[in-house]
Amino acid sequence: MTSGIPSPALVVPAMMKHAWDNYKRYAWGLNELKPISKQGHSSNLFGNIQGATIVDALDTLYIMEMKEEFKEAKEWVEKNLDFNVNAEISVFEVNIRFVGGLLSAYYLSGEEIFRKKAVELGEKLLPAFNTPTGIPWALLNIKSGIGRNWPWASGGSSILAEFGTLHLEFIHLSHLSGNLLFAEKVMNIRKVLNRLDKPEGLYPNYLNPSSGQWGQHHVSIGGLGDSFYEYLLKAWLMSGKTDEEGRKMYYDAVQAIETHLIRKSSGGLTYIAEWKGGLLEHKMGHLTCFAGGMFALGADGAPNDKTGHHIELGAEIARTCHESYDRTSMKLGPEAFRFDGGVEAIATRQNEKYYILRPEVIETYMYMWRLTHDPKYRQWGWEAVEALEKYCRVDGGYSGIRDVYNNHQSHDDVQQSFFLSETLKYLYLLFSEDDLLPFEHWVFNTEAHPLPVLHKDDGNKEENQK
């Protein structure tokens, strides 16, 4: 960084400390913090399970060497993390945040309590797969084992990004517990998908767990679809590149996405549209911005000399997502932005102008930096740090923003657990050396929890690589 600017290596951990200390002061043991009203916030995604911020932040605390904080978090997990609750949870959210967070904490620290809790929770999630096809329910009462789907999802369907984002964690649960059931459950999901016809080679967002047929033919690389594609690539990488089925499914899907969803605006910005029964909606969500990093991460294994092309695609998506930030008054990106009616990379609807501390753009900067070392990615990351400090930092932590185009900031009063798990971790890694959690040894789950690459000759415990 130029002189006069504080070092990111100091600033990002200080941000983490501000977020953590305030969570501890005002919401300890609850799921999330309301940083303005200075009290706890509980999302219904976790049912009655408590402590989402603690479990989500464990690995970030460890990586940033916040030893005292890590120790108190571990003690809370030992004494208070309880899964014997009579409540309905989101299988997807509990898997990526709680199972993922516990697995990473175990692999980084070697502390047995994290392995034990991860496997215990994994076992509680297994009844979600008790459907005619084995495609799991979205919602599960972890006491009764009764599951159901979101009432709004197309004709009782399960959602691609939800049932497609269990693979990495469940492979590791089998690895750590010796119980092969976890791996069998997620491998069966692939079997069901491979039997189905894909419209134009694309995967619709909705699949009925009873009939095994697609619901509405909506396709998105943003919400409802996003992490399914990410986990195909990462399953292959995490297997030490032995999971051929994952590899083929990923590159075939990218080919279809390129043909049918990726477009260039008249101003030269590459974007990924949404597909609705063959018609394109020229809108891109903040969540979709993760795809820049995904394309770059998958570039090395791309078929027929397409490595350079995939890196270029990653760079173009990164540029478009940076523009979505740069074209707001706060220099933070909106929830969704459009490419129609003369508008490019701008949110046109009031209900798409908010920013909830999401990580996907920074995640893509981190992957692009590591894979190209182009300094602009660090510069863009620093712009995001400055904007977060200026507009999202409040006395009691960090808050999302209701309208990134309006300088009179209106806060949403939630410090999301993923801000500590993902946004701050990816910022820290963006400004760290490449040998901190190197890609050849670690794969990040969709909540930024690092999981070790498993080689065929691994015994029951991966050697800790850091």
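Residues numbered from 1 in each chain as written. Predicted model: local features only at pLDDT ≥ 70, side-chain atom pairs only at ≥ 80, totals over all residues. Heavy atoms only, no water.

Digging into the overall build of the protein chain
So, step 1. Scanning the protein chain for helices and strands turns up 15 helices and 18 strands.
So, step 2. For a compact globule of 466 residues, the expected C-alpha radius of gyration is about 23 Å, and the protein chain comes in at 21 Å, within 12% of that figure.
So, step 3. Referenced to the eigenvectors of the C-alpha coordinate spread, the extents of the protein chain come out at roughly 55 × 50 × 45 Å.
So, step 4. For the protein chain, with 466 residues in total, the buried portion stands at 63%.
So, step 5. Intrachain contacts of the protein chain at a sequence separation of at least 6 include 67% that bridge at least 24 residues.
So, step 6. Of the roughly 17,000 Å² that the protein chain leaves accessible, carbon and sulfur atoms contribute 48%.
So, step 7. Averaging the positions of the 47 positive and the 61 negative side-chain charges in the protein chain gives two centres separated by 3 Å. (Helix = DSSP H or I, 4+ residues; strand = E, 2+ residues; numbered from the N terminus. Rg over C-alpha atoms; globule rule 2.2 N^0.38 Å. Buried < 20%, exposed > 50% of the residue type's maximum accessible area, 1.4 Å probe, protein only. Contact = heavy atoms within 4.5 Å. Areas by Shrake-Rupley, 256 points an atom, 1.4 Å probe, with all protein chains shown as cover. Lys, Arg positive; Asp, Glu negative; His and termini not counted. Charge placed at Lys NZ, Arg CZ, Asp CG, Glu CD.)

Considering the state of the cysteines
So, step 1. Inspection of the entire model under this criterion finds one disulfide.
So, step 2. Note on Cys 392: no disulfide assigned, nearest cysteine sulfur contributed by Cys 289 at a separation of 16 Å.
So, step 3. Note on Cys 392: relative accessible area 0%, which makes it buried. (Disulfide = S-S within 2.5 Å.)

Quick word on the environment of Met 330
So, step 1. Relative to the helices and strands, Met 330 is located in the loop between α12 (307-326) and β14 (336-338).
So, step 2. In the structure, Met 330 is positioned 61 residues away from Tyr 391 in sequence and 7.2 Å away in space, judged by C-alpha atoms.
So, step 3. If we ignore the near neighbours within four places in the chain, the residues touching Met 330 are Ala 387, Tyr 391, Ile 401, Asp 403, Val 404, Asn 406, Asn 407 and Gln 409.

Thoughts on the pattern of salt bridges
So, step 1. Under the defined criterion, the tally for this structure stands at 28 salt bridges.
So, step 2. Between Lys 17 and Asp 21 there is a salt bridge whose closest N-O contact spans 3.1 Å. With Lys 17 and Asp 21 both in helix α1 (residues 8-27) and four residues apart, the pair spans about one turn of that helix.
So, step 3. The class of Lys 17 is partly exposed, set by a relative accessible area of 36%.
So, step 4. With its nearest N and O atoms 3.2 Å apart, the salt bridge here joins Arg 190 to Glu 245. Within this pair, whereas Arg 190 is found in helix α8 (residues 181-195), its partner Glu 245 is found in helix α10 (residues 244-260), the two being separated by 55 residues in sequence. (Salt bridge = Lys/Arg side-chain N within 4 Å of Asp/Glu carboxyl O.)

Observations concerning the UniProt feature "binding site: Ca(2+)" (unreviewed entry) in the protein chain
So, step 1. Within this numbering scheme, the UniProt entry marks Thr 446 as carrying the feature "binding site: Ca(2+)" (unreviewed entry).
So, step 2. Relative to the helices and strands, Thr 446 resides in the loop between β17 (442-444) and β18 (450-452).
So, step 3. For Thr 446, a relative accessible area of 17% corresponds to the buried category.
So, step 4. Apart from the residues within four sequence positions on either side, Thr 446 is in contact with Phe 92, Ile 96, Thr 165, Ser 227, Glu 230, Tyr 231 and Glu 422.
So, step 5. A polar contact of 2.8 Å, which involves the side chain of Thr 446, links it to the side chain of Glu 230. (UniProt positions renumbered as here; feature names shortened; annotations may be inferred. Polar contact = N/O pair within 3.5 Å; in protein donor to acceptor, adjacent residues only side chain to side chain.)

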